[in-house]
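# Observations on the model geometry
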Amino acid sequence: MYTSSASLEMPPELREEARQQLNETEEARIKGLEYLKSYIQDKGIFLPRTDDEFLLRFLRNKKFRQKDACKMLKSYSDFIASNWGILSEPGTRIVEEMIQQGFVCPCPRPDASGSIASALDPSKADMRSVRILIVVVCHG
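The sections below set out a description of the structure shown in this document.

Parameters at a glance
Going along each chain's sequence as written, the residues are numbered from 1 onward. Restriction of local features to residues with pLDDT of at least 70 applies here, the model being predicted, together with a cutoff of 80 or more for giving and counting side-chain atom pairs; totals for whole chains, interfaces and linings are based on all residues. Hydrogens and water molecules were not included; the side-chain quantities draw on all heavy atoms of the structure. Under the DSSP-based scheme used, a helix requires at least four consecutive residues in state H or I and a strand at least two consecutive residues in state E, with every element numbered from the N terminus. Whether a residue is buried, partly exposed or exposed follows from its accessible area with a 1.4 Å probe, protein chains only, as a fraction of its type maximum: under 20%, in between, or over 50%, in that order. Any pair of residues with heavy atoms lying within 4.5 Å of one another is described as a contacting pair. Areas reported here follow the Shrake-Rupley algorithm with a probe of radius 1.4 Å; residue values treat only the protein chains shown as occluding. Any two of the Phe, Tyr and Trp rings considered here, Trp counted by its six-membered ring, make a pair once their centres fall within 6.5 Å; the pair's planes then place it as stacked at under 30 degrees, edge-to-face at over 60, or tilted in between.

## Here's the deal with the overall build of the chain
Of regular secondary structure, the chain possesses six helices and two strands. Helices and strands in the chain line up, N terminus first, as α-α-α-α-α-α-β-β. Taken over 140 residues, the chain has a buried fraction of 27%. If you take every contact in the chain between residues at least 6 apart in sequence, the share linking residues at least 24 apart comes to 54%. With the model as given, the accessible surface of the chain reaches about 9300 Å², and the carbon-plus-sulfur share is 54%.

## Describing the packing of aromatic side chains
Tallied over the full model, the rule gives three aromatic pairs. When the centroid spacing of 5.8 Å and the interplanar angle of 55 degrees are considered together, the rings of phenylalanine 54 and tyrosine 76 count as tilted. Residue phenylalanine 54 is located in helix H3 (residues 52–61), and its partner tyrosine 76 is located in helix H4 (residues 66–82); the two are separated by 22 residues in the primary sequence. Summarising the aromatic geometry, the rings of phenylalanine 58 and tyrosine 76 are spaced 5.6 Å apart at their centres and angled 65 degrees between planes, so their arrangement reads as edge-to-face. One end of the pair, phenylalanine 58, is in helix H3; the other, tyrosine 76, is in helix H4, with 18 residues separating them in the sequence. Its relative accessible area of 6% is what places phenylalanine 58 among the buried residues. By the ring-pair criterion, three or more aromatic residues cluster together here, those being Phe54, Phe58 and Tyr76.

## Looking at the side chain of arginine 49
Relative to the assigned elements, arginine 49 resides in the loop between helix H2 (26–43) and H3. Looking at arginine 49, the relative accessible area reads 14%, which means it is buried.

Dropping the structure here:
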């Protein structure tokens, strides 16, 4: 199932802080990731990513309380499923209108990892002419 990868390793001082503040240990990571992956498979949950690094975000947010992390994961999945059209097609009318108004200002090119950042300026949005859904999607 889960094997520790180099990208998930932390320096000793950060590892100790994660243990104290988030209840994160190697054992908690392994058990938590196995639990989340089993939950995703059993419930048939759709997620854009299911890699260990992504799933650890849910466990860390809930201080490795597995059932709470599953609830958060389910809420995230439901949100993604109900807004997939907006999230998956950046050229949709609503996004184009927000860019034209200056509300969303995408950076001109992706960073080294391929991610594209956008700045939001709510003062430039015409709330009467466009239904606005503010979403922050982080893909690493």
